[in-house]
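Structural overview
Below are the chains, spelled out letter by letter.
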Amino acid sequence: MFRYTLRQVEYFVAVADHGSLSAAADVCRVSQAGISLAVTELEKAVGTQLVVRHKAKGATLTSAGHRFLPDARALLHQAEELQATIVERQDELAGPLAIGCYTTLSAFWVPAMTAGFAAPNPKLELAITEGDPEELQKQLLDGRLDAVLTHTRHVVGGLRMRVVKEGRPYILLGAGHRLAGRDKIALRELAGEDMVLLDIPSVRDNQLPNLRASGLDPKIAWRSTSFEAVRGMVARGLGYTVLIQRPPLDLSYEGLPLVCAEIDGEIGHSDICFAYPGGQRLTMRLQALMDFCAAEAGRTG
């Protein structure tokens, strides 16, 4: 006989995630007393204290609680999987699907995933968390996410990945740039020219070394953490940039024309992929999402 219930485990994980009994009660839509009682009963069942309650200061996990937390998450995940599998065997996608999406990819992929994949499957509970690839992958390894949509260059060790779209960098120029009429441009032809940098960690840590390894040491004159601000500055003639994501219209937010050119020569790729834990079976709904994104990438080019 099991001496604890899934509901008790669920409430314990909620306390761990939200840092207090009251916050967990709000999320779980039960009384604070109900949360407290459930956690107490769980502690009795496992024979050790899991949570330390602090008056007016929330709750923290004991060392035993920290050790128990990953197993508690895994248990809840397995229970959700069992329930969803019963429905999916009837050829319906159902159950929770928690996906992380790298912030610079979200404008290109979140609308498609929500409207084209989640909306037609009403029994599917798709939750998308946007953020930095490193932080998202930490959540993935902690069991909070099922997969992360990111670039292959960002994927950490111990994770598997499925590429859904090629990510070859390209050069973006203003319409008045001297090289704007060229379909292909060698990186060395941009030596000494001002660059507008998309100033985010993944570009600084991956793309800049990639450009230098390919023969161009960028002269960075302007920076922005905004993808569209960078495109806008390039359209204004402040310099060139190198990007991977390409909107369907070569226009800035102001309506100014932009010109894209292929890089002539070898350049490292940073393909778009789903990263997910190795050694675990992919759920039907995660596999279906990956298939959908691969098909969407093929349709849109």
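For the structure given in this document, a descriptive report is provided here.

Criteria and cut-off values
Residues numbered from 1 in each chain as written. Predicted model: local features only at pLDDT ≥ 70, side-chain atom pairs only at ≥ 80, totals over all residues. Heavy atoms only, no water. Helix = DSSP H or I, 4+ residues; strand = E, 2+ residues; numbered from the N terminus. Expected span 1.5 Å × (residues − 1). Bend = angle between axes of the 7 residues up to and from the residue. Buried < 20%, exposed > 50% of the residue type's maximum accessible area, 1.4 Å probe, protein only. Pairing = 2+ DSSP bridges. Axes fitted to C-alpha atoms, helices over the stretch in contact; angles between N-to-C directions. Core = buried A, V, L, I, M, F, W, Y, C linked by side-chain atoms within 4.5 Å. Contact = heavy atoms within 4.5 Å.

Between its terminal C-alpha atoms helix α5 (residues 103–118) stretches only 19 Å, short of the 22 Å expected from 16 residues at 1.5 Å a residue. Where α5 bends most, the angle comes to about 50°, and this point is Trp-109, followed within four residues by the proline Pro-111. Taken together, the buried positions of α5 are Thr-104, Leu-105, Ser-106, Trp-109, Val-110, Ala-112, Met-113, Phe-117 and Ala-118.

Attention shifts here to the sheet that holds strand β5 (residues 147–151). Read from one edge of the open sheet, five strands run β4-β3-β5-β13-β6, paired in mixed fashion. The sheet is open, and its two edges are formed by β4 (124–131) and β6 (159–165), each paired on a single side. Averaged over neighbouring strand pairs, the angle between their axes works out to 25° when direction is ignored. Inspection of the sheet shows β5 paired to strand β13 (residues 272–277) by four bridges, in the antiparallel sense. Across the sheet, His-151 pairs through a bridge with Ile-272, a residue of β13.

Turning our attention to the nonpolar core. Ranked by size, the top nonpolar core spans 56 residues in total, and within it Trp-109, Met-113, Leu-149, Phe-274 and Leu-289 carry the most contacts. Looking at which element gives the most residues to this core, the answer is α5, with seven residues. Each residue touching Trp-109, except ones within four places of it in the same chain, is listed here: Leu-149, Val-164, Lys-165, Gln-245, Ile-272, Cys-293 and Ala-297. Counting residues in each nonpolar core, the second largest holds 23 residues, with Val-9, Val-15, Ala-24 and Ile-35 among its members.

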